[in-house]
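# Overview (structure and organization)
Here is how the chains run, residue by residue.
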Amino acid sequence: VAFGIEVNAPDFTGAEAGADPTLLVVDQTSTVTVDMENVGLVDATDLVFQAELPAGLAPDSFSIDGSDGAANGDPADAAALAAGIPVGSIGSTAAQQIEFVVRSEAAPDGDAYVFTPQFTYDYVSCTGEEPLTEPLILPDIEIDFMEGELPTSTTGDSAGDSSDSG
């Protein structure tokens, strides 16, 4: 006889992150989007987002569900991204999107800028118990770098407009 056990916990199994475009030259930007949906049985509270950016890459902007800055109103600079930015709570069956723009300021240490978006969150599994804290580590984001200018065949993305083609 088989049986299943439902665990009272948030569930972010479908969380994903990506960047567009994924090829930059100096002074161009890429938009990083992180989508999360809590398909679990309880709310995830006190979410903190981290993404320590590699040398040569700096944040231009940060928003949570379209609202600029961290959930507590603080700006989201490189130090805040590395230390952790409060992003609020995600209720059971609710979703959240984090979007931030990064700018290439210098060549990366290798061929690409690589960083790992991740979260910590709290939840209460059983009423009356202390909150538990869990990590959520998403796959690495990789943005390639190219010296000089992007090829002219790049279309449909305004990020390519920031370099001089003249």
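Above this text sits the structure in question.
Summarised in this report is the structure supplied together with it. Since we're looking at a predicted model, the values are computed, not measured.

### Concerning the overall build of the protein
Each helix and strand in the protein was counted, giving 1 helix and 12 strands. Helices (α) and strands (β) of the protein occur, in sequence order from the N terminus, as β-β-β-β-β-β-α-β-β-β-β-β-β. For the protein, with 166 residues in total, the buried portion stands at 36%. Taking contacts inside the protein between residues at least 6 apart in sequence as the whole, the part at least 24 apart equals 75%. Total accessible area on the protein stands at roughly 9100 Å², and carbon and sulfur atoms take up 47% of it.

### Describing the sheet that holds strand β1 (residues 16-20)
Strands sit in the order β1-β3-β8-β5-β6 across an open sheet of 5 strands; the sheet is antiparallel. Each having just a single partner strand, β1 and β6 (67-68) make up the two edges of the open sheet. Sheet topology places strand β5 (residues 57-64) next to β6; 2 bridges connect them, and they run antiparallel. Residue pairing across strands places Ile64 opposite Ser67, the latter belonging to β6.

Rules of the game
- Residues numbered from 1 in each chain as written.
- Predicted model: local features only at pLDDT ≥ 70, side-chain atom pairs only at ≥ 80, totals over all residues.
- Heavy atoms only, no water.
- Helix = DSSP H or I, 4+ residues; strand = E, 2+ residues; numbered from the N terminus.
- Buried < 20%, exposed > 50% of the residue type's maximum accessible area, 1.4 Å probe, protein only.
- Contact = heavy atoms within 4.5 Å.
- Areas by Shrake-Rupley, 256 points an atom, 1.4 Å probe, with all protein chains shown as cover.
- Pairing = 2+ DSSP bridges.

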